[in-house]
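Summary of the model geometry
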Amino acid sequence: MRSFTHVISLGNRCATAYNLRRHFSFGDGHLFDWWITPYPGLLALLDNLSADWLYDPASLEMLPDNRAVRHRPSGIELTHDFPRVGKHAGPVTVDFLDYLDRPKSRAGYLIDKLKGLNCPGERILFVREAAVTSALSERLAALLPLARFEVASIEPVANLGDWRGDPALWDAALASLEARLIGDHKPFSEPGEVQPVLRTTDA
């Protein structure tokens, strides 16, 4: 059993972050937690690690079904960053560009938090649900040259009709990593929803 000071999701979807938090019992937030992140997009953001780049209004587009906003250069879907119509998970509001400040500020904070892990005492386990290549480790090594880290790829886990997935299947996949989290961390709490989603009133 290997010990890590941080366990961080690298996508590709919200279920990865949720199950890492649940399995390892922590509530700390990280940059890629609540996005849909294709692998080329993950590499692209690590190459351009800036909230200004990710939230450039000229690079943001609404998906055809209005379910999310996508960063066009990377393909990252900013699934929970913008207001939606109604009390439930309705379509993203058409004026989403008026609401850039909050998600951009949050991303900037989480980018600084990630960069702040570049310390000799940190041992980080990065986990992605899907295959990875050496290009990912190379980018993380350039970002965190002083920290020790490992990158774990797990096979995609069946969704079974719930965004969280089957906890038993996830526990089996994560137990195979033979890892444990050490140190003081914010406690895990079951989210009422995927993660804060700004909402308008019914309209």
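As a starting point, this report considers the structure included with it.

What counts and what doesn't
Per chain, the residues get numbers from 1 upward, laid out in the order the sequence is written. The predicted origin of the model limits local features to residues at a pLDDT of at least 70 and limits the giving and counting of side-chain atom pairs to 80 or more, whereas totals for whole chains, interfaces and linings rest on all residues. In computing side-chain values, all of the structure's heavy atoms are included and hydrogens and water are not. What counts as a ring pair is set by centres within 6.5 Å for rings of Phe, Tyr and Trp (its six-membered ring), and what kind of pair is set by the plane angle: stacked under 30 degrees, edge-to-face over 60, tilted for all other angles. Buried, partly exposed and exposed residues are distinguished by accessible area as a fraction of the type maximum, computed with a 1.4 Å probe on protein chains only: under 20%, between the cut-offs, and over 50%, respectively. Strands are runs of DSSP state E lasting at least 2 residues, helices are runs of H or I lasting at least 4, and numbering of each runs from the N terminus. Geometrically, a lysine NZ or arginine CZ counts as sitting over a ring once it is within 6 Å of the ring centre and also within 35 degrees of the ring normal. Every angle, taken between N-to-C directions, lies between 0 and 180 degrees, and every axis is a line fitted to C-alpha atoms, over only the stretch in contact when it is a helix. In what follows, roughly perpendicular refers to angles from 65 to 115 degrees, roughly parallel to angles under 35, roughly antiparallel to angles over 145, and oblique to any angle outside these ranges. Definitions for this section: a left-handed crossing has its near helix turned counterclockwise from the far helix by less than a right angle. A right-handed crossing has that turn clockwise. In this analysis, two residues are considered to be in contact whenever any of their non-hydrogen atoms come within 4.5 Å of each other.

**Comments concerning the packing of aromatic side chains**
In this structure the tally under the stated criterion is six aromatic pairs. An angle of 85 degrees between the planes, with centres 5.8 Å apart, marks the rings of Phe32 and Trp35 as edge-to-face. Of the two residues, Phe32 and Trp35, neither departs from the other in class, the shared state being buried. Between the aromatic rings of Phe126 and Phe149, the centroid separation amounts to 6.0 Å while the plane-to-plane angle is 75 degrees, which identifies the pairing as edge-to-face. Of this pair, Phe126 sits in strand S6 (residues 123-129) while Phe149 sits in strand S7 (residues 148-154), and the two are 23 residues apart along the sequence. What makes Phe126 buried here is its relative accessible area of 1%. Here Phe149 falls in the partly exposed class, since its relative accessible area comes to 22%. Through a chain of ring-to-ring contacts, three or more aromatic side chains come together here, namely Tyr18, Trp34, Trp163 and Phe188. Directly above the aromatic system of Tyr18 lies the positively charged group of Arg164, at a separation of 5.6 Å from the ring centroid.

**Brief notes about the packing of helix H2 (residues 39-47) against helix H5 (residues 134-143)**
With their axes 10 Å apart at the nearest point, H2 and H5 run at an angle of 20 degrees to one another. The pairing of H2 with H5 is recorded here as roughly parallel in orientation. In the crossing of H2 with H5, the sense of the turn from one axis to the other is left-handed. Counting all contacts with H2, which are made through Tyr39, Leu42, Leu43, Leu46 and Asp47, the residues of H5 involved are Ala135, Leu136, Arg139, Leu140 and Leu143.

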